[in-house]
Amino acid sequence: MHRPPLKKGDKMDLIYMDNAATTKVAPEVYEVMKEYFEEEYANASGAYSFAGKTSARVEEARRLVADFLGAKSNEIFFTSGGSESDNWAIKGIADALKSKGNHIITTKIEHHAVLHTCEYLESRGFEVTYLDVDEYGLVDPKAFEAAIRPETILASIMFANNEIGTIEPIKELGKIAHEHGVIFHTDAVQAYGHVKIDVNEMNIDLLSASGHKINGPKGVGILYIKKGIRINNLIHGGSQERGKRAGTTNTAGIMGFCVATKLAKERMDERNAREEELRDYLVKSVLERIPYTIYNGHPTSRLSNNANFCFRFIEGESLLIMLDQKNVCGSSGSACTSGSLDTSHVLLAIGLKHEIAHGSLRLTVSAENTKEEVDYVVDALETIVGRLRNMSPLYEDFLRKEGK
Ligand SMILES: *Cc1c(COP(=O)(O)O)cnc(C)c1O
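Being a predicted model, the structure only gives us computed values, none of them experimental. Positions within a chain are numbered from 1, following the residues in the order the chain's sequence is written. Per-residue local features of the predicted model are confined to residues with pLDDT of at least 70, and side-chain atom pairs are confined, for both listing and counting, to 80 or more; whole-chain, interface and lining totals are unaffected and use all residues. Water and hydrogen atoms play no part in the side-chain values, which are based on all heavy atoms of the structure.

Close to the ligand lie 13 residues; Ser 83, Asp 187, Gln 190, Ser 210 and Lys 213 are nearest. Polar contact criterion, stated in full: a pair of N or O atoms within 3.5 Å, where within protein one must be able to donate a hydrogen and the other to accept it, and residues adjacent in sequence count only if both atoms are side-chain atoms. Between the ligand and the protein, one listed contact pairs an oxygen atom with a backbone N or O atom of Gly 82 at 2.8 Å. Within the side chain of Asp 187, an N or O atom sits 2.6 Å from a nitrogen atom of the ligand. Under the convention used here, a 1.4 Å probe and the Shrake-Rupley method define accessible areas, while residue burial counts only the protein chains that appear. For the ligand, whose free accessible area comes to 390 Å², the fraction covered by protein is 88%. Being near a molecule or strand, for a residue, comes down to having at least one heavy atom within 4 Å of it.

Over the atoms rolls a probe the size of a water molecule, and its path tells where empty space is left. Points on a 1 Å grid, built from protein atoms alone, make a cavity when a 1.4 Å probe fits but cannot get out and make a pocket when they are open with protein on both sides within 12 Å along at least 5 of 7 lines; residues with an atom within 4 Å of a point are the lining residues. Grid points are joined across faces, edges and corners, and a volume is the space filled by probe spheres set on the points. Summed over all chains, the structure comprises 2 cavities of 30 Å³ or more. Estimates place the volume of the second largest cavity at around 30 Å³. In terms of lining, the second largest cavity is formed by Asn 19, Ala 20, Gln 190, His 194, Lys 213, Leu 303 and Asn 305. Where each domain starts and ends comes from a domain assignment, either automatic or drawn from a database. Counting only domains with at least three residues in the lining of the second largest cavity, you end up with domain 1 (15-25 + 268-402) and domain 2 (27-264).

This part is about unusual backbone geometry. A negative phi angle characterises most non-glycine residues, just as the trans form characterises most peptide bonds. Residue Asn 203 is not a glycine yet carries a positive backbone phi of 60 degrees. Helix and strand assignments come from DSSP, with helices taken as H or I runs of at least 4 residues and strands as E runs of at least 2, each series counted from the N terminus. Summarising the element assignment, Asn 203 is placed in the loop between β6 (183-187) and β7 (206-210). Notably, Arg 242 is not glycine yet its phi reads approximately 50 degrees, a positive angle. Here Arg 242 is to be found in the loop between β8 (221-225) and α7 (251-289).

This is the structure in structure tokens:
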């Protein structure tokens, strides 16, 4: 970032603090992808050496991703992203094991790619338990164990939550699943590249990740499937991905995903430290300067870039619009619910009342953000929240009751 320090009230370029929604493609990622669009454009399944070269590079990419997760190459399958991986894991296991049992366990705070898939399976005769979480968004391992039945075939519990950043005790939950013969899937889309993951050590059977959350391209992801796990196909067609996932190999996307993974691995500690510094400064400033604000999520077991607030007496949607007028990108609830007045299912699950959950704002920083940008955003927030509260009947009531 090459910006001069800002003075209070200065208007500036776009300030992007919505990195849980998507991230900018890294220049190194773009470079390699360009090569696969312009020069190495072969269909990786071709019989000529032009294709052979490409397919060899795809296998190298697969090995790099496998190494990153402590997995084997033949356990990594490239998909079109996090949503497909979640759908495949859950529907594929449900379909393969339906003669064994019809019960699935998940949580109330999953991404819609998991929740809506589970709801679909309920309409097809499966039973789903949606586990509660505590005020920080943590799943209770004892409650998980208690929910397991003889007919439970699969548990799907996210690694880190996309709205409030809470990191779940995955290793412990996976251990419990295995003690009861239950297959364990985790949606690690937010954790991949931010948290060190070893699938064997953490008792993970299936894991979803996505390129565009880690400075890779949109439309590519992976599903890790532990060797020996029985799973049916989601996408039928050609014999790509060892016959398990049809579709012409997305070579540019896969190479981009691979470079994004490599960068995430190399820079993980440094980047997490930088994000944490910015995030903590943001949280401290907001809580000091804006009263009646709740900081959501776990105080320590959380993603380095995530800050999630509820500003009492106001609507998150109005807040977002006014932030947008100041060129600040943030999010209210999850991206899937923005544009509607649906209250975030995650904030309700951590026990917030509807009217409080409505006033939510998620800011997810990147290492490229600056302290000056944080200052600008906090200034903007202070002004906007003040203005919205002055128009808020809820705030007026509150002040009257307080005798102010
Ligand atoms: C973004 C996200 C997804 C969806 O991934 P896509 O690649 O956009 O389909 C799934 N789960 C979580 C937790 C996410 O944050």
